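Structural overview
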Amino acid sequence: YYKIGKWEWVVSVCESALEKRIDNVVVRRNKARALARMGNMDDAEIAFRECIHEFPTNSQVLQWYSDFLDDQRRFIEAYEYSEKGVIAAPDEPTTYTNHTIQMFNRGYVRAESGKVEGPLPQARVLAYCLPLFLEAIARSKNAAPIRETVVNILVRRDLTRDAQAFMDGSEVTGRQDRSTL
């Protein structure tokens with residue numbers, strides 16, 4: 001039902017589970033996301049915050065909340081929650097790729113000063129993204145799907161030289177700002 005967009009049904013199932021004391025991160029985050037998809041933004045935000053309060057180290061809820069904030073055009077908060085998702089699951093390569101996609105899409109980065117800055121032009125954002133891409137590939141033990149995701153992201157942004165370097169496994173040229181790590 002989630003995949004076909006039956007959001008009311010998803011909320012109903014989640015509320016029923018919670019009433020029966022089946023309370024876990026999956027139930028809570030699915031309810032929050034379904035509420036957001038239904039357009040109940042205030043209720044969705046409350047549900048996300050309650051879920052994060054109960055499960056503060058769940059990377060998926062942190063990154064879903066980040067997506068919610070991004071949809072609300074609250075880009076600095078979105079960046080911070082996406083970053084918390086990476087911190088919560090530092091060995092999970094998809095947290096790095098998700099975070100980097102958000103950085104590219106919105107142009108916000110954590111600068112050396114420690115502050116979130118943006119929106120920045122793509123060329124400046126790329127310097128912060130490259131180390132995260134390399135980290136995602138390293139954490140995946142060089143798994144092809146992660147490498148292909150990185151290449152596709154770069155190709156879609158007309159960064160073919162960098163995409164080719166990732167595809168070949170060769171040194172990526174250009175400035176890299178590792179302060180994001």
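This report concerns the structure included in the present document. (Residues numbered from 1 in each chain as written. Predicted model: local features only at pLDDT ≥ 70, side-chain atom pairs only at ≥ 80, totals over all residues. Heavy atoms only, no water.)

1. Here we look at helix H6 (residues 93-106)
For an α-helix, the turn length of 3.6 residues means that residues three or four places apart are oriented alike. Relative to the 20 Å expected for 14 residues at 1.5 Å per residue, H6 spans 20 Å between its end C-alpha atoms, a close match to the ideal helical length. Pro93, Thr95, Tyr96, Thr97, His99, Thr100, Gln102, Met103 and Phe104 are the residues of H6 that are buried. At the C-terminal side of H6, Gly107 shows a positive phi close to 80°. (Helix = DSSP H or I, 4+ residues; strand = E, 2+ residues; numbered from the N terminus. Expected span 1.5 Å × (residues − 1). Buried < 20%, exposed > 50% of the residue type's maximum accessible area, 1.4 Å probe, protein only.)

2. Examining the packing of helix H1 (residues 7-19) against helix H2 (residues 25-38)
For any two helices packed against each other, the geometry is given by the interaxial angle and the distance between the axes. Close contact between H1 and H2 brings their axes to 9 Å; oriented N to C, the two are set at 150°. The angle between H1 and H2 places the two elements in the roughly antiparallel class. Of the two possible hands of crossing, H1 and H2 adopt the one that is left-handed. Two secondary-structure elements touch here, H1 through Trp7, Glu8, Val10, Val11, Cys14, Glu15, Ala17 and Leu18 and H2 through Val27, Arg28, Asn30, Lys31, Ala34, Leu35, Arg37 and Met38. Classifying every residue of the contact of H1 with H2 gives 10 nonpolar, one polar and five charged. (Axes fitted to C-alpha atoms, helices over the stretch in contact; angles between N-to-C directions. Parallel < 35°, antiparallel > 145°, perpendicular 65-115°, else oblique. Left-handed = near helix turned anticlockwise from the far one by under 90°. Contact = heavy atoms within 4.5 Å. Nonpolar A, V, L, I, M, F, W, Y, C, P; charged D, E, K, R; others polar.)

3. Brief notes about H1
Its 13 residues place the ends of H1 18 Å apart at the C-alpha level, agreeing with the 18 Å of an ideal helix rising 1.5 Å per residue. Check the buried side of H1 and you find it contacts H2. Of the residues trailing H1, Arg21 is marked for its positive phi of about 65°.

4. Digging into the packing of aromatic side chains
Under the counting rule described, the total for this entry stands at seven aromatic pairs. When the ring of Phe75 is compared with that of Tyr108, the centres are 5.8 Å apart and the planes differ by 35°; the resulting orientation is tilted. Of the two residues, Phe75 sits in helix H5 (residues 75-88) while Tyr108 sits in the loop between H6 and strand E1 (109-110), which places them 33 residues apart along the sequence. For the residue pair Phe75 and Tyr108, the accessibility class agrees, reading buried in each case. Ring geometry for Phe133 and Phe166: centres 6.0 Å apart, planes at 85°, overall edge-to-face. Linking Phe133 in helix H7 (residues 122-139) with Phe166 in helix H9 (residues 160-168), this pair joins segments that are 33 residues apart in sequence. Like Phe166, Phe133 is buried. Clustering of aromatic rings is evident, with ring pairs tying together Phe48, Tyr65, Phe68 and Tyr81. When the ring centre of Trp64 is taken as origin, the NZ or CZ atom of Arg29, which lies over that ring, is 5.4 Å away. Just above the ring of Trp64 sits the side chain of Arg33; from NZ or CZ to the centre is 4.0 Å. (Phe/Tyr/Trp six-rings, centres within 6.5 Å; stacked < 30°, edge-to-face > 60°. Lys NZ or Arg CZ within 6 Å of the ring centre and 35° of its normal.)

5. Quick word on unusual backbone geometry
Residues Gly118 and Pro119 are joined by a peptide bond in cis, for which omega reads -5°. Position of Pro119 among the secondary structure elements: in the loop between strand E2 (116-117) and H7. Despite not being glycine, Arg21 shows a phi value in the positive range, around 65°. Structurally, Arg21 is set in the loop between H1 and H2. Overall, Arg21 belongs to the exposed group, its relative accessible area being 75%.

6. Comments concerning the pattern of salt bridges
Overall, the coordinates contain nine salt bridges when judged by the stated rule. With a shortest N-O distance of 2.8 Å, Glu83 and Arg110 are connected by a salt bridge. With Glu83 in helix H5 and Arg110 in strand E1, the pair connects residues that are 27 residues apart, well separated along the chain. Residue Arg110 is classed as buried on the basis of its relative accessible area, which comes to 18%. (Salt bridge = Lys/Arg side-chain N within 4 Å of Asp/Glu carboxyl O.)

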